[in-house]
Amino acid sequence: SEIQSRLVMVPRLVRNGELDTARRIVTEVIELLHRGIECGGLVDPWNILGFQGLFPLFFTREDSIPDSRVEILLDIMGQIFDACTVVMSESAATGRKDLHDSVLNDFRELAEQWDRYATTTVNDLTQVEGMKSVEAATQVARVLAEWRTAGESAGDISFWRQHVEDFDATSSFAQVVTALLDRSDHVAAMGLLMQWLSR
């Protein structure tokens, strides 16, 4: 509940321009995550691979039941990655490179730790990939930083044409369009959407 309550605050703080507070909240969430795993409040990520997302009642697999704690951890990890992405994107869009780099370092470290648990190899579980999330967030932040410095030319289709090829994931498109709409830059948002639709 401590993690969830903080994660809910991050997008609100970012929308209100309180980036430093949002950054502090992300740090607290990552610390709480590690504490939760260490004390047993959250499932040990190695159990996901070791028990294939199941809770073993006895020695045989047939006597195991789905471990609901696994879905909770996967959901939390996805939300943490999203929170890091939001703070990074907004920092880049507002020219706060120091904040962007700080979040990116923690994001990358957490993603590398998470990917070692190989949770994506277990069937029937939500796919949460750390380094892919970092790469998508970095792409979004870089384009938003260039958009900020480009000024009015960022509304041109040609501006988005040169960046649209960099986006690997649908979430990258969505994050950039959301950022543009939040700033009422409808021309730029429409330009990016047209590039997206043309593909």
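The notes below deal with the structure included here. In this text, all values refer to a predicted model and were calculated from it rather than measured experimentally.

Moving on, we get to helix 2 (residues 19–39). With 21 residues, helix 2 extends 30 Å from end C-alpha to end C-alpha; this agrees with the ideal 30 Å at 1.5 Å per step. Buried within helix 2 are the following residues: Leu 19, Ala 22, Arg 23, Ile 25, Val 26, Val 29, Ile 30, Leu 32, Leu 33 and Gly 36. For helix 2, the elements touching its buried residues are helix 1 (2–15), helix 4 (68–93) and helix 5 (97–116). After helix 2 finishes, the residue Gly 40 shows a positive phi value of roughly 95°.

The tally for this structure, following the rule as stated, stands at nine salt bridges. For Arg 6, the salt bridge identified is with Glu 28, shortest N-O distance 2.7 Å. With Arg 6 in helix 1 and Glu 28 in helix 2, this residue pair connects regions lying 22 residues apart in the sequence. Here Glu 28 makes a salt bridge to Arg 24, at a shortest N to O gap of 2.8 Å. Within this pair, Glu 28 and its partner Arg 24 are both found in helix 2, separated by four residues, close to a single helical turn. Residue classification places Arg 24 among the partly exposed residues on the basis of a relative accessible area of 44%. Overlapping salt bridges, with partners in common, bring together Glu 2, Arg 6, Arg 24 and Glu 28 in one network.

The rules behind each value
- Residue positions within a chain follow its written sequence, with the count starting from 1.
- Whole-chain, interface and lining totals are the exception, using all residues; otherwise, since this is a predicted model, local features are given only for residues with pLDDT of at least 70 and side-chain atom pairs are given and counted only at 80 or more.
- Just so you know, side-chain values use all the structure's heavy atoms and leave hydrogens and water out.
- Helix numbering and strand numbering both begin at the N terminus, where a helix is a DSSP run of H or I of at least 4 residues and a strand a DSSP run of E of at least 2.
- By definition here, a helix of n residues has an expected span of 1.5 Å times n minus one.
- Exposed residues in this analysis have more than 50% of their type's maximum accessible area, buried residues have under 20%, and partly exposed residues fall in between, with area computed by a 1.4 Å probe over protein chains only.
- The contact criterion used throughout is that any non-hydrogen atoms of two residues lie within 4.5 Å.
- Any carboxyl oxygen of Asp or Glu within 4 Å of a side-chain nitrogen of Lys or Arg constitutes a salt bridge here.

Function-wise, these values are silent; they only describe arrangement.
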